[in-house]
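Below are the chains, spelled out letter by letter.
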Amino acid sequence: EKYVVAVVGATGAVGNEMIAVLEERDFPVETLRLFASERSEGVLLKFKGQDIPVETLKEDCFNGIDIALFSAGAERSKIWAPVAAKSGCVVVDNSSQWRMDPEVPLVVPEVNPHDLKWHKGIIANPNCSTIQMVVALKPIHDVAKIKRVVVTTFQAVSGTGKKAMDELLQQTVALLNFKDIEIKVYPHQIAFNVLPHIDKFLENGYTKEEMKMVNETKKIMGDPSIRVTATTVRVPVFRGHSESVNIETEKKITAQEVRELLSKSPGIVVIDNPEKNEYPLPIYASGKDEVFVGRIREDESIENGINMWVVSDNLRKGAALNAVQIAEELIKMTA
Ligand code: A2P
Ligand code: 11C
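Residues numbered from 1 in each chain as written. Chains lettered and ligands numbered in written order. Predicted model: local features only at pLDDT ≥ 70, side-chain atom pairs only at ≥ 80, totals over all residues. Heavy atoms only, no water.

### Regarding the environment of Cys61
And then number 1: Locating Cys61 in the fold gives a position in the loop between strand 4 (50–55) and strand 5 (67–70).
And then number 2: For the pair formed by Cys61 and Val83, sequence separation is 22 residues and the distance between their alpha carbons is 9.3 Å.
And then number 3: Beyond its immediate sequence surroundings of up to four residues, Cys61 is in contact with Arg33 and Phe35. (Helix = DSSP H or I, 4+ residues; strand = E, 2+ residues; numbered from the N terminus. Contact = heavy atoms within 4.5 Å.)

### Considerations on unusual backbone geometry
And then number 1: Positive phi values are uncommon outside glycine, yet Phe178 reaches one of about 55°.
And then number 2: Here Phe178 is to be found in the loop between helix 4 (162–176) and helix 5 (208–221).
And then number 3: Note on Phe178: relative accessible area 81%, which makes it exposed.
And then number 4: Of note in this structure, Asp199 is not a glycine but carries a positive phi near 70°.
And then number 5: Judged by relative accessible area, Asp199 falls into the partly exposed class, the value being 29%. (Buried < 20%, exposed > 50% of the residue type's maximum accessible area, 1.4 Å probe, protein only.)

### Overview of the site of ligand 2
And then number 1: Looking at ligand 2, there are 13 residues lining it, with Arg99, Asn127, Glu209, Lys212 and Arg234 nearest.
And then number 2: Separating a nitrogen atom of ligand 2 from a side-chain N or O atom of Asn127 is a distance of 2.6 Å.
And then number 3: The contact in question runs from an oxygen atom of ligand 2 to an N or O atom on the side chain of His241, over 3.0 Å.
And then number 4: Out of a free accessible area of 320 Å², ligand 2 has 84% covered by protein chains.
And then number 5: Of the residues contributing to the shell around ligand 2, the split by class is two nonpolar, seven polar and four charged.
And then number 6: When residues of the shell around ligand 2 are assigned to domains, at least three fall in each of domain 1 (3–125 + 319–334) and domain 2 (130–314). (Near = heavy atom within 4 Å. Polar contact = N/O pair within 3.5 Å; in protein donor to acceptor, adjacent residues only side chain to side chain. Areas by Shrake-Rupley, 256 points an atom, 1.4 Å probe, with all protein chains shown as cover. Nonpolar A, V, L, I, M, F, W, Y, C, P; charged D, E, K, R; others polar. Domains from an automatic or database assignment.)

### Here we look at the nonpolar core
And then number 1: Ranked by size, the top nonpolar core spans 56 residues in total, and within it Phe62, Phe70, Leu137, Val149, Val245, Val293 and Met308 carry the most contacts.
And then number 2: Ranked by residue count, the leading element in this core is helix 3 (residues 128–144), at eight residues.
And then number 3: When residues of this core are assigned to domains, at least three fall in each of domain 1 (3–125 + 319–334) and domain 2 (130–314).
And then number 4: Look past the residues within four positions of Val149 in its chain and what remains in contact with it is Met133, Leu137, Ile226, Arg227, Val228, Thr229, Val245 and Asn246.
And then number 5: The next biggest cluster of nonpolar side chains, apart from the first, holds 36 residues, and it includes Ile67, Val92, Ala320 and Val324. (Core = buried A, V, L, I, M, F, W, Y, C linked by side-chain atoms within 4.5 Å.)

### Describing the sheet that holds strand 7 (residues 122–124)
And then number 1: Across the sheet, which stays open at both edges, the seven strands sit in the order 3-4-2-1-5-6-7 with mixed pairing between neighbours. The open sheet has two edge strands, strand 3 (44–47) and strand 7, and neither has a second partner. Shown here is a sheet whose adjacent strand axes are inclined to one another by a mean of 25°, direction ignored.
And then number 2: By the bridge criterion, six bridges tie strand 1 (residues 3–8) to strand 2 (residues 29–35) in an arrangement that is parallel. Looking at the pairing, Val5 lines up with Leu32 of strand 2. (Pairing = 2+ DSSP bridges. Axes fitted to C-alpha atoms, helices over the stretch in contact; angles between N-to-C directions.)

### Some thoughts on the state of the cysteines
And then number 1: In total, this model carries zero disulfides according to the counting rule given.
And then number 2: No disulfide involves Cys61; its nearest neighbouring cysteine sulfur is the one of Cys89, lying 9.0 Å away.
And then number 3: You can call Cys89 buried: its relative accessible area is 1%. (Disulfide = S-S within 2.5 Å.)

### Side note on helix 2 (residues 74–86)
And then number 1: Relative to the 18 Å expected for 13 residues at 1.5 Å per residue, helix 2 spans 18 Å between its end C-alpha atoms, a close match to the ideal helical length.
And then number 2: What helix 2 keeps buried is the set Ser77, Trp80, Ala81, Val83 and Ala84.
And then number 3: Downstream of helix 2 by a residue or two, Gly88 has a phi angle that is positive, lying close to 90°. (Expected span 1.5 Å × (residues − 1).)

### Re the domain arrangement of the protein chain
And then number 1: Per the domain assignment, the segments of the protein chain are domain 1 (3–125 + 319–334) and domain 2 (130–314).
And then number 2: Look at where the C-alpha atoms of domain 1 and domain 2 centre, and you get two points 25 Å apart.
And then number 3: Between domain 1 and domain 2, the residue contacts involve 19 residues of the former and 18 residues of the latter.
And then number 4: Of the roughly 1,600 Å² buried at the junction of domain 1 and domain 2 (both faces included), carbon and sulfur atoms supply 62%.
And then number 5: Contact with domain 2 buries surface across domain 1, with Leu106, Glu110 and Val111 losing the most and accounting together for 31% of the total.
And then number 6: Along the contact surface separating domain 1 from domain 2 lie three salt bridges.
And then number 7: Here Glu216 and Arg99 are joined by a salt bridge, their closest N and O atoms 3.0 Å apart. (Buried area = accessible area lost by both parts, 1.4 Å probe. Salt bridge = Lys/Arg side-chain N within 4 Å of Asp/Glu carboxyl O.)

### Comments concerning the side chain of Thr56
And then number 1: Examined against the element boundaries, Thr56 turns out to sit in the loop between strand 4 and strand 5.
And then number 2: For Thr56, a relative accessible area of 11% corresponds to the buried category.
And then number 3: Reaching out from Thr56, the side chain makes a polar contact with the side chain of Lys58 at a distance of 3.2 Å.
And then number 4: In this view, Thr56 contacts Phe35, Ala36, Ser37, Glu38 and Glu41; residues no more than four positions away in its chain are not counted.

In structure tokens form, the structure reads like this:
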């Protein structure tokens, strides 16, 4: 069977990747419909050698569409995901809009595919930094029960979107040519800098991105007892988020056991040969599908603790790939 599939936000960084992933994985697409803002109306984008014109969203535009992958920002999802769901289309939404809604499943196929069963038309794709972390946490939680996670992230600018990628490039070129830079997307220069600030600051002193990691982790893992604290940091990298993850478990698990466990877990590649300077790096994770884990070692400051370094392509597993994998699970369920 083939499906009519839509990508909403098709001209964006994640939307572009969604089109590429649908093509690469040979998703059973009968027709692909592409949507973006009025600015992009009529722009042609390629899918399987075919030019597809970008359309604008309208009240009845989802009629006849089976699956819509949304990545056009939370505001658009707030308005249009319910419109699409009402037309009988299943929405996989990459924005933060519906993630914590108790009526909406929040799914990473390697972790909680069972939650897809109770969807009511909208399924939320988690935040990129959360997705790659829970893929690595789940196998450990299953054998040793995770009590607490302390995570610090090093996040690529593509997480912010296309404009931020342009800004990093332009600032870098300008600075190398002793020219003045423009600062538009972030509150500070991002080239040759590190910003301990992703998304808005909240009343508790954390950023929204940090609280996404706290709350989404509990929901996806189906365990509100896991304590999580996060510091999220933007670094001048184009693609690939890196994370330093410290875990405290109820049961003892050794570094070697974690290495063996993660090596045979779905979606994970362990790269952990410090003697050869081998560990996960965003430049190698870029364009790849897996979550890469290395620097696995025991935390010697506590009884049962593990430190590890987790890297993945934020546009792939962190966004587009996870959304397409959700769509693949959905069609398996209905087959
Ligand atoms: P457009 O390119 O026409 O502005 P990114 O996260 O990389 O910035 O991409 C955001 C995506 O969301 C783009 O495809 C953008 O389209 C799309 N978008 C922005 N505003 C709207 C809107 N009002 N309706 C539909 N799509 C929108
Ligand atoms: C970033 N994690 O890297 C963000 C991007 O909630 O979908 C994704 C924001 C979200 O900036």
